[in-house]
Amino acid sequence: MACGLSLACSPESEPVEEDERQSFSLELADIICSKVAPCCSDLSLPAPTDECRRKMRNEAYLAFIEAEQDERRTVDMKDAEACLSSYRAADSCAELHLPHELPKVCPTLFTNIPDGEKNPGEPCDGVFDCKSPAQGERFCLFDSAPTPTCVWFVPTAAGEECRGETGVYGNCEEGQVCGLSVESSAEPWLCRPPSKPNEVCHTPDGCEPGYACAENQVGEVVCQVAIDEGGGCLDTPLLCVFPLVCDAEEGVCRNLPILQTCEDTACPGELSEACQ
């Protein structure tokens, strides 16, 4: 910035895009904090205060920074209003997402994570280092090595190998599980029907509905009748129906909130971050 001898230097104005991000983050924070009050009440938590607005604004802005720096994405604010409208339309706590979920809730604000050159099993610093499979998804995560590596999860049909090449895992089609031979427990791992009651199983989800994979009294790992909530499990803790766990104190299967899965919606407990 050039300054004349008789003029005081003034700071340069922020870029327009920076102003857009700031405005967006503030408006998103206002929307969330105005909608989260009944959710806080349901969680027996205090109502949101001005601190909610500050935290949600910062979290939204951080989502942009992380997308650019950690995932090598580009942020494009052209669909900002449509994104805000989707947050305004949330009419339940389950539909109200926090700002860190922006890339999932409003994907058009971000370009895709760029493709890398590394194959499954090779070390990575982020998903951007990894090649994309022709079908399926790529990840950079801790697999079989002490440091993160590229991993692919690819759709796999019945009878096809689902655990062969390093770092490549098959997502078996509905009604199939990835398992070894029921008769021999020998490789390869194939997509096959789930094991029947008292048949050998190899993974927690490897049994027919209503059954769980666990060691029996003679040391065989087979499918056994699963235990529903409230059922005794002290001697058979692995038989609780997923995602129930065996409460060691009471000796029964319980649904512990900290272990609940949320799939494609925010856990209600996550909203506590916006409650003050």
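Cut-offs and rules
- Residues numbered from 1 in each chain as written.
- Predicted model: local features only at pLDDT ≥ 70, side-chain atom pairs only at ≥ 80, totals over all residues.
- Heavy atoms only, no water.
- Pairing = 2+ DSSP bridges.
- Helix = DSSP H or I, 4+ residues; strand = E, 2+ residues; numbered from the N terminus.
- Axes fitted to C-alpha atoms, helices over the stretch in contact; angles between N-to-C directions.
- Contact = heavy atoms within 4.5 Å.
- Core = buried A, V, L, I, M, F, W, Y, C linked by side-chain atoms within 4.5 Å.
- Buried < 20%, exposed > 50% of the residue type's maximum accessible area, 1.4 Å probe, protein only.
- Disulfide = S-S within 2.5 Å.

As summarised here, the arrangement of the three strands in space is 1-2-3, forming an open sheet in which the pairing is mixed. Since the sheet does not close on itself, it has two edges, and those belong to strand 1 (137-141) and strand 3 (168-172), each with one partner. Each strand axis lies, on average, 30 degrees off the axis of its neighbour in the sheet, ignoring direction.

Here the focus is the environment of Cys 178. Tracing the backbone through its elements, the reader meets Cys 178 in strand 4 (residues 177-179). Spatially, the C-alpha atoms of Cys 178 and Asp 205 are 8.9 Å apart, while their sequence positions differ by 27 residues. Setting aside residues up to four positions removed in sequence, Cys 178 forms contacts with Cys 162, Arg 163, Cys 172, Trp 189, Leu 190 and Thr 203.

The next thing to look at is the nonpolar core. Among the nonpolar cores identified, the biggest contains 32 residues, and Phe 24, Leu 28, Met 56, Phe 64, Tyr 87, Leu 102 and Leu 109 are the most heavily contacted of them. Contributing elements (two or more residues each) for this core: helix 1 (16-35), helix 2 (37-42), helix 3 (50-69) and helix 4 (80-88). Excluding anything up to four places from it in sequence, Met 56 contacts Ala 29, Ile 32, Cys 33, Leu 98, Pro 99, Glu 273 and Ala 274. The next biggest cluster of nonpolar side chains, apart from the first, holds nine residues, and it includes Ala 212, Ala 214, Ile 227 and Leu 244.

Glancing now at the state of the cysteines. Tallied over the entire structure, the rule returns 12 disulfides. With a sulfur-sulfur separation of 2.1 Å, Cys 240 is cross-linked through a disulfide to Cys 253. Measuring the twist about the S-S bond at about -85 degrees, one finds the Cys 240-Cys 253 disulfide to be left-handed. In this pair, Cys 240 is assigned in the loop between strand 7 (221-225) and strand 8 (245-247) and Cys 253 in strand 9 (residues 252-254), connecting sequence segments 13 residues apart. With relative accessibility at 8%, the residue Cys 240 sits in the buried group.

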